[in-house]
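The residues making up each chain are set out below.
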Amino acid sequence: MGTRKPAENDVFSGQTPKVIADFDPPKKPKRNKYALACSFLASMTSVLLGYDIGVMSGAAIYIKRDFKLSDVKVEILVGILNLYSLLGSAAAGRTSDWIGRRLTIVFASAIFFAGALLMGFSTNYAFLMVGRFVAGVGVGYALMIAPVYTAEVSPASSRGFLTSFPEVFINAGILLGYVSNYGFSKLPPHLGWRFMLGIGAVPSVFLALGVLAMPESPRWLVMQGRLGEAKGVLDKTSDSLEEAQLRLSDIKEAAGIPEHCNDDVVAVSKKSHGEGVWRDLLVHPTPSVLHILLAGAGIHFFQQSSGIDAVVLYSPRIFEKAGITKDTDKLLATMAVGFTKTLFILVATFFLDKVGRRPLLLSSVAGMIGSLALLGVGLTIVDHSEHKMVWAVAWCLIMVLAYVSFFSIGLGPITWVYSSEIFPLRLRAQGCSIGVAANRVTSGVISMTFLSLSKAITTGGAFFLFAGIASVAFAFFYTLLPETRGRTLEEMEELFGTFFQWRTKMRELEKQKTGQQLQMGTTATVAKN
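Looking at an unreviewed UniProt entry, one finds the protein named Sugar transport protein and attributed to Coffea canephora. We quote the UniProt Subcellular location (unreviewed entry) comment for the protein here in full: "Membrane".

Caption draft 1: Molecular detail of the overall build of the protein. When you go through the protein residue by residue, the secondary structure sums to 26 helices and 0 strands. Sequence separation of at least 24 residues holds for 80% of the intrachain contacts in the protein that already meet a minimum separation of 6. Summed over its atoms, the accessible surface of the protein is roughly 23,900 Å², and 67% of this surface lies on carbon and sulfur atoms.

Caption draft 2: How the structure looks around the packing of aromatic side chains. For the structure shown, the criterion picks out 16 aromatic pairs. Relative to Trp193, the ring of Phe67 lies with its centre 5.4 Å away and its plane at 75°, an arrangement referred to as edge-to-face. Of this pair, Phe67 sits in helix α4 (residues 46-67) while Trp193 sits in helix α10 (residues 189-198), placing them 126 residues apart in sequence. For the pair shown, Phe67 and Trp193 are each scored as buried. Summarising the aromatic geometry, the rings of Phe474 and Tyr478 are spaced 6.4 Å apart at their centres and angled 5° between planes, so their arrangement reads as stacked. With Phe474 and Tyr478 both in helix α24 (residues 459-480) and 4 residues apart, the pair spans about one turn of that helix.

Caption draft 3: Geometry of helix α22 (residues 411-422). If you check α22, its first and last C-alpha atoms are 16 Å apart, about what 12 residues at 1.5 Å a residue would give, namely 16 Å. By the criterion of burial, α22 is predominantly enclosed, with 12 of the 12 residues buried. All buried positions along α22 are accounted for by Leu411, Gly412, Pro413, Ile414, Thr415, Trp416, Val417, Tyr418, Ser419, Ser420, Glu421 and Ile422.

Caption draft 4: Molecular detail of the nonpolar core. Counting 110 residues, the largest nonpolar core has Ile63, Leu197, Phe450, Phe463, Phe477 and Leu481 as the members making the most contacts within it. At 12 residues, α4 tops the list of elements feeding residues into this core. A domain-level breakdown of this core finds at least three residues from each of domain 1 (31-267) and domain 2 (279-524). Other than its neighbours up to four places away in sequence, Phe477 contacts Ile299, Phe302, Arg358, Leu361, Leu362, Val365 and Leu411.

Caption draft 5: A look at helix α21 (residues 390-409). Taking 1.5 Å per residue, 20 residues should reach 28 Å; α21 reaches 29 Å between its end C-alpha atoms and fits that length. Along α21, the residues that are buried comprise Ala392, Val393, Cys396, Met399, Val400, Ala402, Tyr403, Val404, Ser405, Phe407, Ser408 and Ile409.

Caption draft 6: Molecular detail of the pattern of salt bridges. Scanning the model with the defined rule gives 13 salt bridges in all. Across the pair Arg101 and Glu152 runs a salt bridge whose closest N-O atoms are separated by 3.0 Å. One end of the pair, Arg101, is in helix α6 (residues 101-120); the other, Glu152, is in helix α7 (residues 125-153), and 51 residues separate them in sequence. For Arg101, a relative accessible area of 5% puts it in the buried group. Taking the shortest distance from any N to any O, the salt bridge between Glu320 and Lys330 comes out at 3.4 Å. Taken as a pair, Glu320 in helix α18 (residues 315-322) and Lys330 in helix α19 (residues 327-355) lie far apart in primary sequence, 10 residues in all. Residue Glu320 is classed as partly exposed on the basis of its relative accessible area of 41%. A residue is classified by how much of its surface remains accessible, and Lys330, at 3% relative accessible area, is buried. Each member of the salt-bridge network shares a partner with another, and the members are Lys64, Asp71, Arg317 and Lys455.

Caption draft 7: Region of interest: the packing of helix α3 (residues 33-43) against helix α9 (residues 165-184). Interhelical geometry of α3 versus α9 gives an angle of 45° and a closest axis separation of 9 Å. One finds that α3 runs oblique with respect to α9. The interaxial crossing formed by α3 with α9 has right-handed handedness. Residue-level inspection shows Leu36, Ser39, Phe40 and Ser43 of α3 in contact with α9, the latter providing Phe165, Pro166 and Phe169. Partitioning the contact of α3 with α9 into residue classes produces 5 nonpolar, 2 polar and no charged.

Caption draft 8: Region of interest: the side chain of Asp71. With respect to the secondary-structure elements, Asp71 resides in helix α5 (residues 71-99). Accessibility expressed as a relative area gives 14% for Asp71, which makes it buried. Within polar-contact distance, the side chain of Asp71 engages the side chain of Lys455 at 3.0 Å. Among all residues touching Asp71, those that are not within four sequence positions of it are Lys64, Arg317, Leu451 and Lys455.

Caption draft 9: Main features of the packing of α9 against α10. At their nearest, the axes of α9 and α10 sit 9 Å apart, and the two run at 155° to each other. Comparing their axes, α10 and α9 come out roughly antiparallel. As for the relative orientation of α9 and α10, their crossing is right-handed in sense. The residues of α10 that touch α9, namely those facing Ser180, Asn181 and Phe184, are Gly192, Phe195 and Met196. Taken together, the residues that form the contact of α9 with α10 break down as 3 nonpolar, 3 polar and no charged.

Caption draft 10: Seen up close, the environment of Ser39. The topology assignment puts Ser39 in helix α3. For the pair Ser39 and Met214, spaced 175 residues apart in the sequence, the C-alpha separation amounts to 9.2 Å.

Caption draft 11: Region of the structure containing a nonpolar patch on the surface. On the surface, a cluster of nonpolar side chains totalling about 630 Å² of accessible area is made up of Leu103, Phe113, Leu117, Phe121, Val205, Leu209 and Leu212. Residue assignment for the nonpolar patch shows that the elements contributing at least two residues are α6 and α11 (201-211). By secondary structure assignment, the location of Phe121 is in the loop between α6 and α7. A residue is classified by how much of its surface remains accessible, and Phe121, at 60% relative accessible area, is exposed.

Rules used throughout
- Residues numbered from 1 in each chain as written.
- Predicted model: local features only at pLDDT ≥ 70, side-chain atom pairs only at ≥ 80, totals over all residues.
- Heavy atoms only, no water.
- UniProt positions renumbered as here; feature names shortened; annotations may be inferred.
- Helix = DSSP H or I, 4+ residues; strand = E, 2+ residues; numbered from the N terminus.
- Contact = heavy atoms within 4.5 Å.
- Areas by Shrake-Rupley, 256 points an atom, 1.4 Å probe, with all protein chains shown as cover.
- Phe/Tyr/Trp six-rings, centres within 6.5 Å; stacked < 30°, edge-to-face > 60°.
- Buried < 20%, exposed > 50% of the residue type's maximum accessible area, 1.4 Å probe, protein only.
- Expected span 1.5 Å × (residues − 1).
- Core = buried A, V, L, I, M, F, W, Y, C linked by side-chain atoms within 4.5 Å.
- Domains from an automatic or database assignment.
- Salt bridge = Lys/Arg side-chain N within 4 Å of Asp/Glu carboxyl O.
- Axes fitted to C-alpha atoms, helices over the stretch in contact; angles between N-to-C directions.
- Parallel < 35°, antiparallel > 145°, perpendicular 65-115°, else oblique.
- Left-handed = near helix turned anticlockwise from the far one by under 90°.
- Nonpolar A, V, L, I, M, F, W, Y, C, P; charged D, E, K, R; others polar.
- Polar contact = N/O pair within 3.5 Å; in protein donor to acceptor, adjacent residues only side chain to side chain.
- Patch = residues over 30% accessible without salt bridge, like charges linked within 9 Å, V, L, I, M, F, W, Y side chains within 5 Å.

Right, here's the structure in full:
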């Protein structure tokens, strides 16, 4: 009998619940390596956008000299890709519904491959603009389809973490572009910039090959009636078989497939399930949807209007204004910007779910305001001095690095995470597309006007302007954007809709949740007795 007591004590001491907990899906967040690898590969398409942004900052120096371009033509050349990308983003949804998410990513890589080659072999400005158009369409496809695939393949436990991947790879691409600039700057000027742009075709080939090893999106498979294949993908990408079944059930309901239909291949109606979505989003939105739309489009607008693309695209020009005259030194300083930006975006990725969205976002914007203002001061001092001031050059370099660091720990990644999680499921695709459009248009306007703006109000004045816009952004985020970490979709809709009174609504939700927990505890106690 003495040997049996430990087993009995184990039962009463809670050992059995520990065994159950080992199989509890919430205990396994971020451990599904298959889903992680799929999301990783899909998000790597964002490298294409990042590389183009980064490489054009240095290539523009040599293109201007080779083709004897004015600053206005350089602005258009650098910034027009953002507007071209809208065409790709607009077409990506229909294309992905037609050929699938995976092949759409391959298609995006192929388009960018062609665009990079066209840019590399350009013989004049017009030819170069054709290459920019083709590459821009490819970037637009990649920018839109990667988050969609990631959201559809990821398990619920790690979807928020994985959503930040595209921003990480955009920064990695920017850094690669900066490294390419420095590496090929040693070549003759007429060859250097062509290699900088043309070598961008190489990563697109590896991306296309890597994506072919990924499974198709389970949602797309269900939309095609291929339930057997969808179930196989969901079993691999979910935290448990139970979650896989729940995800399959939800997708079947959205696709209009009866719950009892479990054949491997079924007939699916091809009618649109998005009827009325644009009406509910733009024409007759509820207060909650209007608040969500304002927050989603607003955070994308302020991410770009606070000047990040001006710094990333025109870093060599900014450092030249600060007093760095040698091309290789300017490109080295620009590489430091890319390295710093990439490092801090990685730090932010691991703190998003621990610290919360608002604390990171507000501290990020506050730091951006200070660094932009101090950069404006440094550039103004340099502009009004008759000789080179070494301390002012160092000051400007430090402030640029500080600015991209603050941007990368908050506003950079949180923009994509926040806008993807606040829209109701039915409105998410269209809502996110509005955010992406606001992001790209604003980026295009900033990048196509920065040089002209700098001439009109000086480079220092331009950064004072960006500091002012960032101040407005801080007020907007502080007053209108509630914390979303740990909130369910149902709570999200309840949380939004009160605009400036969201704090009161949040307190009410907390009281309701506490009351429900107490009631559940009381019910459980009564049941035991």
